[in-house]
Structures are given as C-alpha cells and as structure tokens.
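One letter stands for each residue in the lines below.
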Amino acid sequence: MKRSLKKKLGKGGWALALSVVAIAVGSIVLMRAPGHAAPRTGFGGIPVTDPGDVSVVQDGPTSLALSGPLLDGHFAISQGAVLANGTRRLLAELRLTAADAPGAAQRQPVALAVVLDVSGSMHGDKIAQAKNAVRQLVERMRDEDQVALVTYDHETYVIQPLARVGSVRSELMRRISAIQPGGGTVIPQALLAGSRALEGAPGNLVRRMVLLSDGLDGSGQTVEMVTQEIRGRAHRGLATSSLGIGTDYDERFMTSVADAGRGNYEFLADGAQLQTFLRRELDQASSTVVDNVAVLVTLPDGVRVTKVHGAEGNGTTGQVRLPFGAIPAGDSRRAVIELEIAAGAPGALGQLVATVDYRTVRDREFHQISDAALALNVVSDEAQVAATRNEGVYADTWAVVIDAEQRAAVDLWRSGDTAQAQQVARRNVQRLRQVQAAAPSAAPRLEGIVAEAEADEAQFEALSPSSAAGRGFGLGSNARRRTRIAY
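Here we summarise the structure given alongside this text.

Rules behind the numbers
Residues numbered from 1 in each chain as written. Predicted model: local features only at pLDDT ≥ 70, side-chain atom pairs only at ≥ 80, totals over all residues. Heavy atoms only, no water. Salt bridge = Lys/Arg side-chain N within 4 Å of Asp/Glu carboxyl O. Helix = DSSP H or I, 4+ residues; strand = E, 2+ residues; numbered from the N terminus. Buried < 20%, exposed > 50% of the residue type's maximum accessible area, 1.4 Å probe, protein only. Polar contact = N/O pair within 3.5 Å; in protein donor to acceptor, adjacent residues only side chain to side chain. Contact = heavy atoms within 4.5 Å. Pairing = 2+ DSSP bridges. Expected span 1.5 Å × (residues − 1). Arc of directions from axis to C-beta. Core = buried A, V, L, I, M, F, W, Y, C linked by side-chain atoms within 4.5 Å. Axes fitted to C-alpha atoms, helices over the stretch in contact; angles between N-to-C directions. Parallel < 35°, antiparallel > 145°, perpendicular 65-115°, else oblique. Left-handed = near helix turned anticlockwise from the far one by under 90°. Nonpolar A, V, L, I, M, F, W, Y, C, P; charged D, E, K, R; others polar.

1. Here's the deal with the pattern of salt bridges
And step 1. In total, this model carries 31 salt bridges according to the counting rule given.
And step 2. Note that Glu171 is salt-bridged to Arg174, the shortest N-O span being 2.4 Å. With Glu171 and Arg174 both in helix H3 (residues 165–177) and three residues apart, the pair spans about one turn of that helix.
And step 3. With a relative accessible area of 33%, Glu171 lands in the partly exposed category.
And step 4. Arg471 is paired through a salt bridge with Asp248; the nearest N and O atoms lie 3.7 Å apart. Placement of Arg471 in helix H12 (residues 468–486) and of Asp248 in the loop between strand E10 (239–245) and helix H6 (251–261) is noted, with a sequence separation of 223 residues between them.
And step 5. Asp248 sits in the partly exposed class, given a relative accessible area of 48%.
And step 6. Here the salt bridges do not stand alone but share partners, grouping Asp403, Glu452, Asp456, Arg480, Arg481 and Arg484 into one network.

This is the structure:
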C-alpha cells in the first residue's frame, strides 16, 4: 500500500504527505505524566484527587492512550487532516474501559429498584415469567443489598419500599406471588416512585433502576418531558435501564429512557429471558468500578459536532459534554462523534481536546484525565488526507455511523416504506464497501456488518412489518445495533 501511494504521489507529493504526518505527530505530546500539576477541580467543580496518577500518552499521530486509576481508554480521530476549501466530515472516537484486574472490582452493595408493568397486556405467561424473574433476582441479592419494587398499570403501587434484602426477602417473595395484572399503562409516575424509593439509599450503595414494560405509555407526557427527569437523576448517580417485552411496546420511549438514564436497553420477544436481563443488571451494578464518568470535548474554531453515537452529547460548538455514567469492571463504553469542519486554506486547524472526569467507587474519590489533544490539519489534496488516515479507527467509526443509518432503514420499513428502506440498505452496503476499500487493513472486521445490511434488505422483501415476525425482527435488529454502537 505504501509503495503504490508513493508511486501515485511522486517524489515531491510523497515528501509533502510525510510532512503532514510529521506535523501531526509533532503536535501531539505527553500532556500529563505522573507528578504533573493538575487543575484542583474537575469540570463539574468537584475536587480532583491525586492528579499525579493519570496520563495521556501518544499512541500515534491520530490516537492517544488514556490512563487513570481503574480506568483506561483511547481518544482517536479517523484521520489527521481534511481537504482544503470546503465543508468536510471527520469522525472521532472515545473508548473507556474500567479495570478488571484482580482486586479492582470489590463487590459493591447495591440499591436496586424494579419498576414492573402489571397492565392487562401482561396477563398469562408474561406476568408469570416476570414474577419468577423478580423472585430469582431477590434470591441472588445479598443480605446487605437494598431493594424496592414498584408496579404500575393506570396507577402506581409501591409493593416494597427500599429496604435491606436480608430483612424483607421472605415477605417480599409473598408479595411478588400476589401480584395480578390489570388496567392501563402509565410509566412516568412509576419511574418517579422508583427514583424516590432510592433517594434514601446510603451513599456507599450503587443505585440502579430497571424498567420493564410490554406496552405504550398512556400518561400523555412527551418522551422529552420524561427523559429530562431521567437525565437529571442520572447526573445525580442513578442509572436507569429498560427492557421491552413482546412486540407492542414503544421502542423510541424505551430506548430514550435507557439513553437518558445511561443504562442498558434490550428487546425480548417474550418474558423467558427476563432472568438473564435482571441478573446482568445486578451483576453490573455490584461490579461497578467507576461512575460519574463524563468527557468534555473542546473543539477548535470552525469545527462543530453534528451527531454523537453511544452517548448523549450536550452542545455542538466550543465545548461538548458526553456523560457515560457508571462502568462495571472489564466493561467498555464508546462514543463516536461526527464532526463538520469548515476548512479554509491549507495549514494547522487546531486541536481537538478531551478531558475525562470520573469517580472511583471503592474510595469515592474523583479523578481527571486532562489535556488529551489531537492535532487537526487542512491539506491541499486527497492523497495527503489518505496519508494521515488511521485505518482501524476509520473503519470502526464509519461502521458505527452506517449502523445508525441502517437502523433508520429498519424504521422506514416498519413504517411501511419498503422501497425506501431497501434503497437505504443498498446504499449502506455500498458505503461499507467504500470504507473497506479506503481502509484495506481493517476491511475484514466489517464483513459481518455488510452481511447484516444485505440480510436486512432480503427481510424487507420477505416479511410484513405488521406481522409478529416482522415486528420482532425490527425490534431485535435495532436493539442489536444500538448495543454494538455503544460498546
């Protein structure tokens, strides 16, 4: 590849391309080393503990390795340069991983609120499976954990106020067995009751709320109204996950709850896998290593954020905040940022800077990884752009963007626009092939995503979106892609 590019550019062009890479490399330095002075507070105004044990290390001209107590990661861009004189696109990636070393994840006591749909549509197997799953969850919880159970139909019922599991386990089992379905579905009041139940949890407990629903919210509140409250609770340390059961629930509502709550979302065609979901929620909460994780990205002039995948971006220019919430031991969180650049004449454009704030759960101390800076340049021809391309990051980030657009194709099909859905799917396959051609060393890792997009097009033709199989296909494929984007 290097030999063919050199031949294409010629001696002078190749030297110029190498100079661009050298400029980019020279612009990235070790911004933080042990013992380096640090800001006294994080960008949330909270005192930062022991700033000498974090680092930002150059991992190449377009990538930085981030390291701090119990948290590692990388900050990277798809390429170090864009073409002059026009509006250009560039992708950035943030990936953060909580430590999974022996002793890193001391089992944390948990305060868990389950918010369970008991509306009329849950009758039969669904409610039986749900009750069994909640019973199994309570059995798995430790005596020192705390639990609350809220059920809802057209009204909200606090079946179990927050209490120590060891003190209420037997009585709670009896109460779960007595639950009967009936009535409508009003979700926001139940979420409020669940969050209020957790307000009394001791400060050393990891707090989490899990919403289970098989229907449509009948409260009349907009998704935006509901998620604004959930987002505020997440900022105060309460993660909210959601599980859609069956094929008749509101996918946008349930995914928005999980996004705003910095939790998990999953689709189950029936209730048989409820135990697995609830067990994972408990395991993740109890193995949480870091929380209050958020990243502040500072943009140079002429650069704006158009979309963020994997996190809820707050802002488009200047400084953009990306909240990630809690991360269990060994787990990762990822955000892909789409950037629009108003490129002028060739030259240095500025730096893209990331600052990571987080808390280590075991000692409840705050840390900051700051000054992670990547240089952006404007160049005069496409060959110079290609010379600065990070093929792995380029392939992975564009796959995320195209995956999101494939979810849009599924939504078009579900709305009845089969022709447009097929057209978008075909275009996405073409774009994935173009990415593979531009990043040949990373091409094999995209083959599975290409195959899925091709399979979607076939399903659009074969399935009716209004059938049970069609609804299940649409919900399942979107849930799978959402998970792949964020982790």
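2. Focus on the side chain of Gln160
And step 1. Among the structural elements, Gln160 can be located in strand E8 (residues 156–164).
And step 2. Classification of Gln160 as buried rests on a relative accessible area of 5%.
And step 3. At 3.1 Å, the side chain of Gln160 and the side chain of Arg175 are in polar contact.
And step 4. Filtering out sequence-adjacent residues up to four positions away, Gln160 remains in contact with Val147, Ala148, Leu149, Val168, Leu172 and Arg175.

3. Structural notes on unusual backbone geometry
And step 1. Phi at Arg262 is positive, roughly 55 degrees, even though this residue is not glycine.
And step 2. You can see Arg262 is positioned in strand E11 (residues 262–268).
And step 3. Despite not being glycine, Asn292 shows a phi value in the positive range, around 55 degrees.
And step 4. Inspection of the secondary structure assignment puts Asn292 in strand E12 (residues 288–298).

4. Focus on the pairing of strand E5 (residues 86–98)
And step 1. Of the strand pairs in this sheet, strand E3 (residues 71–77) and E5 are connected by seven bridges, and their pairing is antiparallel. Counted as the bridge partner of Ala76 is Glu93 from E5.
And step 2. In the sheet, E5 pairs with strand E15 (residues 332–343) via 12 bridges, with the strands oriented antiparallel. Bridging across to E15, Leu90 finds its partner in Leu339.

5. Section: helix H2 (residues 125–140)
And step 1. Taking 1.5 Å of rise per residue, the 16 residues of H2 would be expected to cover 22 Å, and the 22 Å separating its terminal C-alpha atoms lies within 8% of that figure.
And step 2. Those residues of H2 not exposed but buried are Ile127, Ala130, Lys131, Ala133, Val134, Leu137 and Val138. Looking straight down H2, one finds its buried side chains confined to an arc of 160 degrees; they lie on one side.
And step 3. In this structure, the buried side of H2 is in contact with strand E6 (110–117), strand E7 (146–152), H3 and helix H7 (274–286).

6. Focus on the pairing of E8
And step 1. In terms of strand pairing, E7 meets E8 through six bridges, oriented antiparallel. Bridge assignment links Thr151 to a residue of E8, and that residue is Tyr157.
And step 2. Two successive antiparallel strands, E7 and E8, enclose a turn made up of three residues.

7. Notes on the environment of Arg164
And step 1. Relative to the assigned elements, Arg164 resides in strand E8.
And step 2. Not counting residues within four places of it along the chain, the set of residues in contact with Arg164 comprises Asp143, Glu144, Asp145 and Gln146.

8. Some points on the nonpolar core
Note that soluble globular proteins tend to have their nonpolar side chains buried in a common cluster.
And step 1. Counting 45 residues, the largest nonpolar core has Phe75 and Leu322 as the members making the most contacts within it.
And step 2. When residues no more than four places from it in sequence are discounted, the contact partners of Leu322 are Leu94, Val293, Ala294, Val295, Val297, Val308, Ala311, Glu312, Gly313, Ala335 and Ile337.
And step 3. Formed by 34 residues, the second largest nonpolar core is a distinct cluster that contains Val114, Leu149, Ile245 and Val361.

9. Re the packing of helix H4 (residues 188–198) against helix H5 (residues 223–235)
And step 1. Direction vectors running N to C along H4 and H5 enclose 15 degrees, while the axes themselves pass 11 Å from each other. In this view, H4 runs roughly parallel relative to H5, as classed from their interaxial angle. For the pair H4 and H5, the sense of crossing is left-handed. Residue-level contacts link Pro188, Leu191, Leu192 and Ser195 of H4 to Val226, Ile230 and Arg233 of H5.
And step 2. Considered class by class, the residues forming the contact of H4 with H5 number five nonpolar, one polar and one charged.

10. Things to note about the side chain of Arg359
And step 1. Its place among the elements puts Arg359 in strand E16 (residues 347–360).
And step 2. In terms of polar contacts, Arg359 uses its side chain to reach the side chain of Asp291, at 2.7 Å.
And step 3. Apart from residues lying up to four places away in sequence, Arg359 is in contact with Val289, Val290, Asp291, Asn292, Arg364, Glu365 and Phe366.

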